[in-house]
Amino acid sequence: MAWSTRRLAQLGGTTVKTIRHYHEIGLLDEPERAGNGYKQYGTAHLVRVLQIARLRDLGMGLAQIAELEGSDEAFAATLHQLDAQLAESISHQQQLRAEIAELIRHRTAPDTPAGFTEVAGTLTPADRAMVMINSQLFDARGVQDMKEIIAAHQDADDAFDELPGNAGPDEIRDVAARLVPVLETIYADHPGLRTPPLRARTGDSLRDLARAVTELYNPAQVEALRQAYLLAHQHPTSTDED
């Protein structure tokens, strides 16, 4: 007794629409038809539908399944490829679980980039946003340097954070002066930071970085940073002179 399309779909755990799609793309042979025009599916069709379902459960796409016809070597190669993809996926998921555990343990804000959970407690919302942007723009060495710098919190950082947007010139100069030795120490310990350690040394990246600074910090803080940067570069550290 032959099966109808609907019954084949039920037995194969799929839908009539899917069976028709398999026909359209050549994955399932067309069956013979009865005198009334209805399709008559046999056991071979059911086995094929179940085989396709099995391969899809393993992670194969329909295009990959189509390429496997009559080739044991192609099947083995596809399995090795799927296994490598699964291994990479599992590794990525394990890394995500470790990062989630860190976020839970440190009760970290959601805008803290990966790898900065332990030092995020000393950062203001503007600092966290800047770190997130820098993590995208900086090269790997620059990101690591940034992490080490944040871990070594300075009193001057607090003065900068507390600088109001309407601060006068004297107050701005005072904060800038306090930032200069901090910057000089940073440049001595991390000489690669004397210029932004960008992944792509382009004008666009520099403009993106400058825009982020001017939008995240108030005008007085931006001016204090500008003055401190200029002063620190006018007075090279002993490391630079050697």
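Residues numbered from 1 in each chain as written. Predicted model: local features only at pLDDT ≥ 70, side-chain atom pairs only at ≥ 80, totals over all residues. Heavy atoms only, no water.

Let's shift gears to the pattern of salt bridges. For the structure on display, the rule yields seven salt bridges. For the salt bridge of R141 with D145, the shortest nitrogen-to-oxygen distance reads 2.8 Å. You can see R141 and its partner D145 sitting in helix α7 (residues 140-151), four residues apart, about one turn around the helix. Assessed through its relative accessible area of 6%, D145 is described here as buried. Between R226 and E223 there is a salt bridge, and its shortest N-O distance comes to 2.7 Å. Here E223 and R226 lie together in helix α11 (residues 219-234), a separation of three residues that amounts to about one turn. Overall, the relative accessible area of 44% leaves R226 in the partly exposed class. We classify E223 as partly exposed; its relative accessible area is 24%. Each of R141, D145 and E148 takes part in a single network of salt bridges with overlapping partners. (Salt bridge = Lys/Arg side-chain N within 4 Å of Asp/Glu carboxyl O. Helix = DSSP H or I, 4+ residues; strand = E, 2+ residues; numbered from the N terminus. Buried < 20%, exposed > 50% of the residue type's maximum accessible area, 1.4 Å probe, protein only.)

Among the nonpolar cores identified, the biggest contains 32 residues, and F116, F138, I150 and L163 are the most heavily contacted of them. Looking at this core, the elements with two or more residues in it are α6 (125-137), α7, α8 (155-161), α9 (169-189), α10 (203-216) and α11. No other element matches α9, which puts eight residues into this core. The residues contacting L163, other than those within four sequence positions of it, are E171, I172, V175, N218, A220, Q221 and A224. Formed by 17 residues, the second largest nonpolar core is a distinct cluster that contains L28, V49, I52 and I65. (Core = buried A, V, L, I, M, F, W, Y, C linked by side-chain atoms within 4.5 Å. Contact = heavy atoms within 4.5 Å.)

This part takes up the packing of α6 against α7. Here α6 crosses α7 at 155°, and the two axes come no closer than 9 Å. With respect to their mutual orientation, α6 and α7 come out roughly antiparallel. For the pair α6 and α7, contact is made by V131, N134 and S135 and by V143, M146 and I150, respectively. (Axes fitted to C-alpha atoms, helices over the stretch in contact; angles between N-to-C directions. Parallel < 35°, antiparallel > 145°, perpendicular 65-115°, else oblique.)

Our next topic: the environment of L27. Topologically, L27 is positioned in the loop between α2 (16-24) and β1 (32-33). C-alpha of L27 to C-alpha of G59: the two residues are 32 residues apart in sequence and 16 Å apart in space. In this structure L27 touches Y22, R48, I52, L62, I65 and A66, once residues within four positions along its chain are discounted.

Turning our attention to helix α5 (residues 72-106). Spanning 35 residues, α5 covers 51 Å between terminal C-alpha atoms, matching the ideal 51 Å at 1.5 Å per step. R107 occupies a position one or two residues after α5 and carries a positive phi of about 50°. (Expected span 1.5 Å × (residues − 1).)

The terminal C-alpha atoms of α11 lie 23 Å apart, and with 16 residues this matches the ideal 22 Å at 1.5 Å per residue to within 8%. What α11 keeps buried is the set A220, Q221, A224, Q227, A228 and A232. One side of α11 carries all its buried residues, which in axial view fall inside an arc of 130°. Pointing more than 90 degrees away from the buried face of α11 are the exposed residues P219 and Q234. Measuring from the side-chain oxygen of the N-cap residue of α11 to the backbone nitrogen of A220 gives 3.0 Å; that N-cap residue is N218. (Arc of directions from axis to C-beta. Polar contact = N/O pair within 3.5 Å; in protein donor to acceptor, adjacent residues only side chain to side chain.)

What follows is about the side chain of T78. Within the secondary structure layout, T78 lies in helix α5. In terms of polar contacts, T78 uses its side chain to reach the backbone carbonyl oxygen of A74, at 2.8 Å. Residues within four places of T78 in sequence aside, it is in contact with M60, Q64 and L68.

This next bit is on the confidence of the model for the protein. Mean pLDDT over the protein stands at 88; residues scoring 70 or higher make up 96%. When the criterion is pLDDT under 50, residues 237-242 qualifies, and its contacts beyond four places in sequence or with other chains add up to five contacts. (pLDDT = per-residue confidence, 0-100.)

Next up on the list: the environment of H190. Within the fold, H190 resides in the loop between α9 and α10. Sequence-wise, H190 and S135 are 55 residues apart; in three dimensions their C-alpha atoms are separated by 16 Å. Excluding its chain neighbours within four sequence positions, the residues that come into contact with H190 are D145, E148 and I149. One polar contact links H190 to D145, side chain to side chain, over a distance of 3.0 Å.

On to a nonpolar patch on the surface, then. Side chains of L96, I100 and I104 sit close together on the surface and give an oily, nonpolar patch of about 290 Å² of accessible area. For I100, the position within the fold is in helix α5. (Patch = residues over 30% accessible without salt bridge, like charges linked within 9 Å, V, L, I, M, F, W, Y side chains within 5 Å. Areas by Shrake-Rupley, 256 points an atom, 1.4 Å probe, with all protein chains shown as cover.)

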